[in-house]
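Tertiary structure, described
Residue strings, one per chain:
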Amino acid sequence: ATTTQLQMCQLMGMNCAALTDFTFSFRGFARRGGDTDVHSHGWGLCFYDGKGIRAFHDSEPAADSLLAEFLQTHPVKTFNMVSHIRYATRGAVRLENVHPFQREMWGISWCFAHNGDVSYFDRNIFAANDADCPASAPKVNESNRSCVKIPWIGRSIGVEDTGERYYNPIGKTDSEAMFCALLNALRARFDTLPSLPVLHGAIASLCNEVVALDSQYDGTTIFNFLLGCGPHLQFAYSWPGSREGSKVWNGLHYLVREPPFGSAHLSDCDYSINFATVTKDDDRVAVIATSPLTDDEDWVEVKKGQLILFDDGLPHLAPDDCFEAELREHGLVSDVMPRNSQLEVDMRRYQLRKEFFQGEAI
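Nothing here was measured: the structure is a model prediction, and the numbers come from that model.

**Some points on the overall build of the chain**
From N to C terminus, the chain includes seven helices and 15 strands. Buried positions account for 53% of the 362 residues belonging to the chain. Sequence separation of at least 24 residues holds for 71% of the intrachain contacts in the chain that already meet a minimum separation of 6. Element-wise, carbon and sulfur atoms account for 47% of the exposed surface of the chain, whose accessible area totals about 15900 Å².

**Focus on the pattern of salt bridges**
The full count for this structure, using the stated rule, is 12 salt bridges. Between Arg284 and Asp312 there is a salt bridge, with the nearest N and O atoms lying 2.8 Å from each other. Of this pair, Arg284 sits in the loop between β11 (272-274) and β12 (285-289) while Asp312 is found in the loop between β14 (306-311) and β15 (314-316), placing the two residues 28 residues apart along the sequence. The pair Arg284 / Asp312 is uniform in exposure class, with both members buried. One network of salt bridges, with partners in common, ties together Arg284, Asp311, Asp312 and Arg328.

**A word on the packing of helix α1 (residues 23-31) against helix α2 (residues 66-73)**
It is at 8 Å that the axes of α1 and α2 come closest, and there the two elements cross at 150°. As summarised for this structure, α1 and α2 are arranged roughly antiparallel, according to the angle between their axes. Remark: the crossing between α1 and α2 carries left-handed chirality. Contacts between α1 and α2 involve Thr23, Phe26, Arg27 and Ala30 from the first element and Ala68, Leu71 and Gln72 from the second.

**Section: the sheet that holds strand β13 (residues 300-301)**
Strand order in this open sheet of seven strands is β3-β2-β4-β1-β12-β9-β13, and the pairing throughout is antiparallel. Lying at the two open borders of the sheet, with one neighbouring strand each, are β3 (52-58) and β13. With five bridges connecting them, strand β1 (residues 10-21) and β12 associate as antiparallel partners. Along β12, the bridge assignment pairs Cys16 with Val285.

**Examining the layout of surface pockets**
Reported here for the largest pocket is a volume of approximately 480 Å³. Along its surface, the largest pocket is lined by 22 residues, and Thr20, Asp21, Phe275, Val278 and Thr279 are the ones closest to its centre. Where the lining of the largest pocket is concerned, the elements lending two or more residues are β1 and α1. Counting residues per element, the lining of the largest pocket draws most heavily on β1, which supplies five residues. Residues belonging to the lining of the second largest pocket are distributed by class as follows: seven nonpolar, six polar and one charged.

**Re the side chain of Ser238**
With respect to the element layout, Ser238 can be found in strand β8 (residues 234-239). For Ser238, the side chain forms a polar contact with the side chain of Asn224, separated by 2.7 Å.

**Some details on helix α4 (residues 174-189)**
In a regular helix each residue adds 1.5 Å, so 16 residues correspond to 22 Å; α4 covers 23 Å between its end C-alpha atoms and thus fits that length. Taken across its 16 residues, α4 has 13 buried, putting it largely inside the fold.

**Quick notes on the pairing of strand β6 (residues 108-117)**
Among the 10 residues that make up β6, nine are buried, leaving the element largely enclosed by the rest of the structure. Here strand β5 (residues 101-105) pairs with β6 via five bridges, running antiparallel. Looking across to β6, one finds that Phe101 is bridged to Phe112. Here β5 hands over to β6 after two residues, with Trp106 in that stretch at a positive phi of 60°.

Calculation criteria
Residues numbered from 1 in each chain as written. Predicted model: local features only at pLDDT ≥ 70, side-chain atom pairs only at ≥ 80, totals over all residues. Heavy atoms only, no water. Helix = DSSP H or I, 4+ residues; strand = E, 2+ residues; numbered from the N terminus. Buried < 20%, exposed > 50% of the residue type's maximum accessible area, 1.4 Å probe, protein only. Contact = heavy atoms within 4.5 Å. Areas by Shrake-Rupley, 256 points an atom, 1.4 Å probe, with all protein chains shown as cover. Salt bridge = Lys/Arg side-chain N within 4 Å of Asp/Glu carboxyl O. Axes fitted to C-alpha atoms, helices over the stretch in contact; angles between N-to-C directions. Parallel < 35°, antiparallel > 145°, perpendicular 65-115°, else oblique. Left-handed = near helix turned anticlockwise from the far one by under 90°. Pairing = 2+ DSSP bridges. 1 Å grid on protein atoms, 1.4 Å probe; cavity = no way out; pocket = protein on both sides within 12 Å on 5 of 7 lines; lining within 4 Å. Points joined across faces, edges and corners; volume = space filled by probe spheres on them. Nonpolar A, V, L, I, M, F, W, Y, C, P; charged D, E, K, R; others polar. Polar contact = N/O pair within 3.5 Å; in protein donor to acceptor, adjacent residues only side chain to side chain. Expected span 1.5 Å × (residues − 1).

Have a look at this one:
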C-alpha cells in the first residue's frame, strides 16, 4: 500500500435519491485508517434508518477493524450516511472521542463529523481561564478543567450568551465541543422548525463566526465538517488549509453519480465496479470526502467558506436552492416541534425566481 500522508482526520459522506448501500466507497475509505494513510486512532460511521440512526464506532484502526470489515461485506442501504477516520490531535484514543457524534434536537437525530484545527474549541485553551466556573467550584488546574463551560457562538444569528449550555461534550475533542456549540446556538435561535433556506443561512453565519473567533489564536484555522440532520439531509462545510509545516491540503471534495452510470476505480485499493450493472434509472448518489476516493472520476472541491446542503443526491449551493428540498417534502420534520408555517414568506424573502411559484408545486 502507498502512503499519502494526509495527517489529519478523514471525512466521508453519502447522500442518495434512492436507498443505496455504501460498501464500495467505504471499502476504499477504510484503507485510510492505518493502511494507505496514518489515521489509526479509531473510526465511526452513522447512517439513517428512517428517523433513527444506526451507529458504529471503534477505537481500533479502520483498516484492521472487524467491525469495518463487516460493513464492507454486508451491504446496508440508506439515504444518508456520515463516516470519519480519526487522527488524534485533541483527546486520547478512546471511544468517546470517536466521530461521528450524535445528539437529539427538536425531535430529530443529528450527527456530526469534523476534520481540522479550531483552537477556539480546544479545551486546553478555553479551560485555562476559570472565569466561567461557578464560585463554589475549585480552581481550574491541569487535573480539573471540567467545570468550564464550552465557548458560546450565536451572536451572528442574534443569540446572546445567557450562560445555559444545553448540549455538552462527553469526550475531550474540539470537534464535539464545536458540535454542541452549534446545536446550542440553533436551539436558542429557533422556537419553530426553520425552513431549509433559513437553516442554511443560520449555519453559514455560525461557521463565519467560528472562523472569525478562531482567528485570534496562532495557527491556521481548518474547519471542515459533515452534519446530518435527518434521514434525507446532510450539510457539508469547508474552510480548508494545511497544518504548519505540512504540504497536505485538508478540504472537502464531492461528486454526483447519476445516469448514465459508468465504472469507477478506488484510489486506496485495486478495486473497480461498473455502476451500470448495479443501478436503476432513479438512482443518484452524492459522495463527499476529504480527498477523492476514486482516481477515474471528476471530483469537485468545495470552495473555501462554502456551505452545501445535500438532498436527494444533489448539492444545493445557496439558501434559495434549498427550497427544492422543501418542495420534495424533505424539510425538517418533528413530532415535538411545530414547523414554521410561513414557507412562502421565506421564499419571497429570498427573492426566488418566478418558476418556483408556478406549476403544481405551489
